[in-house]
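Residue-level structure breakdown
So you can see what is in the structure, the chains are spelled out below.
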Amino acid sequence: MTFAESLIAELKHESGLTRKMLERAPFDKREWRPHERSMSLGRLVTHIAEIPHWIPQILENDSFDFAGRPYQPHTASSPEELMEIFRANIDSSVAALEKAAAEDFDKIWVVKRGEQVIYQVLKQVAIRGWAFSHLFHHRGQLSVYLRLLDVPVPGMYGPSADER
């Protein structure tokens, strides 16, 4: 199995787990947040659905410049829109991984703000961090939001306390 094939397999597996979490989000509580500095529930689930877009961004570009891309946060207006955002990003990520050559993963990806280089890493490291680990982090955050809202939390790697 190639590196790209292993990432595709993991992405497909994890997307099924993530889908279970996103489907539980109570859209009637989209504006709820556990703390004033926290994202709203609606923004958090939309952010989770958007995260896979980093895979094609990393593979198709050699850098990301915060200064060149003003941040425009979006919040899905419905569960259907949320799931479409997620599906589209998973599909484009799988397609980008399928067409990537082995050597593409060994290229450097630079993150900067204007002329300031924040860091530079191999693209394979960037994909693991900016896409996979980032997704897992926010999915865990969503599990806390669901628990605080008394929404049953689905199990990820075995049954949750709500599924015993």
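For the structure itself, consult the block above.
For the structure given in this document, a descriptive report is provided here. (Residues numbered from 1 in each chain as written. Predicted model: local features only at pLDDT ≥ 70, side-chain atom pairs only at ≥ 80, totals over all residues. Heavy atoms only, no water.)

1. Observations concerning the overall build of the chain
To keep it simple, the criterion reads: What counts as a helix is a DSSP run of H or I of at least four residues, what counts as a strand is a run of E of at least two, and both are numbered from the N terminus. Computation of the radius of gyration draws on C-alpha atoms, with the globule rule given as 2.2 Å multiplied by the number of residues to the power 0.38.
Each helix and strand in the chain was counted, giving 5 helices and 3 strands. For the chain, the sequential pattern of α-helices and β-strands runs α-α-α-β-α-β-β-α. On C-alpha atoms alone, the chain measures out to a radius of gyration of 17 Å, which is about the 15 Å that the 2.2 N^0.38 rule sets for 164 residues. Projecting the C-alpha coordinates of the chain onto the three principal axes gives extents of approximately 45 × 40 × 25 Å.

2. Topic: the packing of helix 1 (residues 3-24) against helix 4 (residues 79-99)
Rule in force here: Only the stretch in contact is used when fitting a helix axis, every axis being a line fitted to C-alpha atoms; angles between N-to-C directions are given from 0 to 180 degrees. Oblique is the label for any angle not under 35 degrees, not over 145, and not in the 65 to 115 range, which are roughly parallel, roughly antiparallel and roughly perpendicular in turn. Contacts are residue-level and defined by heavy atoms, with any inter-residue pair within 4.5 Å sufficient. Charged means Asp, Glu, Lys or Arg here, nonpolar means Ala, Val, Leu, Ile, Met, Phe, Trp, Tyr, Cys or Pro, and polar covers whatever is left, Gly included.
In the contact formed by helix 1 and helix 4, the axes pass within 10 Å of each other and the chain directions differ by 175 degrees. Our classification of the angle between helix 1 and helix 4 gives roughly antiparallel. Residue-level inspection shows Ala4, Leu7, Ile8, Leu11, Lys12, Ser15, Thr18, Arg19, Leu22 and Glu23 of helix 1 in contact with helix 4, the latter providing Leu82, Met83, Phe86, Ile90, Ser93, Val94, Leu97 and Glu98. Tallied by class, residues from the contact of helix 1 with helix 4 come to 11 nonpolar, 3 polar and 4 charged.

3. Looking at the nonpolar core
This is how it is decided: What we call a nonpolar core is a set of buried Ala, Val, Leu, Ile, Met, Phe, Trp, Tyr and Cys residues that are connected through their side-chain atoms within 4.5 Å. Partly exposed describes any residue whose relative accessible area lies between the buried limit of under 20% and the exposed limit of over 50%, with all areas from a 1.4 Å probe on protein chains only and scaled to the type maximum.
Judged by nonpolar contacts, the single largest core of 46 residues is most densely connected at Leu22 and Leu142. For this core, the secondary structure elements donating two or more residues are helix 1, helix 2 (41-50), helix 3 (54-60), helix 4, strand 2 (108-113) and helix 5 (123-148). When residues of this core are assigned to their parent elements, the largest contribution, 9 residues, is made by helix 5.

4. Side note on unusual backbone geometry
Phi at Asp150 takes a positive value of approximately 60 degrees, unusual for a residue other than glycine. Position of Asp150 relative to the elements: it lies in the segment after helix 5.

5. Considerations on the environment of Arg147
Inspection of the secondary structure assignment puts Arg147 in helix 5. Classification of Arg147 as partly exposed rests on a relative accessible area of 40%. Sequence spacing of Arg147 and Asp162 is 15 residues, and the spatial spacing of their C-alpha atoms is 9.7 Å. Setting aside its immediate chain neighbours within four residues, Arg147 contacts Val153, Ala161 and Asp162.

6. Let's talk about the pattern of salt bridges
Defined as follows: The salt bridge criterion pairs a side-chain nitrogen of Lys or Arg with a carboxyl oxygen of Asp or Glu, the two atoms within 4 Å.
This model, assessed by the stated rule, comprises 9 salt bridges. In this structure, Lys29 and Asp28 form a salt bridge, with 3.8 Å as the shortest nitrogen-oxygen distance. Each of Glu84, Arg87 and Asp91 takes part in one network of salt bridges that share partners.

7. Things to note about the sheet that holds strand 3 (residues 116-122)
Under the convention used in this document: Pairing between two strands is assigned when DSSP locates at least 2 bridges connecting them.
Here we have 3 strands laid out as an open sheet, ordered 1-2-3, and mixed in their pairing. Two strands close off the open sheet at either side, each with one partner strand: strand 1 (63-65) and strand 3. Strand-to-strand twist in this sheet, taken as the mean axis angle between neighbours without regard to direction, amounts to 15 degrees. By the bridge criterion, 3 bridges tie strand 1 to strand 2 in an arrangement that is parallel. Each bridged residue has a counterpart across the sheet, and for Phe64 the counterpart in strand 2 is Val111. Of the strands in this sheet, strand 2 and strand 3 are in contact with helix 5, which crosses strand 3 at around 100 degrees.

8. Comments concerning a nonpolar patch on the surface
The test is simple: Patches in this entry comprise residues that are over 30% relatively accessible and not in a salt bridge; like charges within 9 Å are linked, as are nonpolar side chains (Val, Leu, Ile, Met, Phe, Trp, Tyr) within 5 Å. Each accessible area is a Shrake-Rupley result for a 1.4 Å probe, and residues are judged covered by the shown protein chains and nothing else.
On the surface, Ile108, Leu122 and Val125 cluster together into a nonpolar patch covering about 220 Å² of accessible area. Inspection of the secondary structure assignment puts Ile108 in strand 2.

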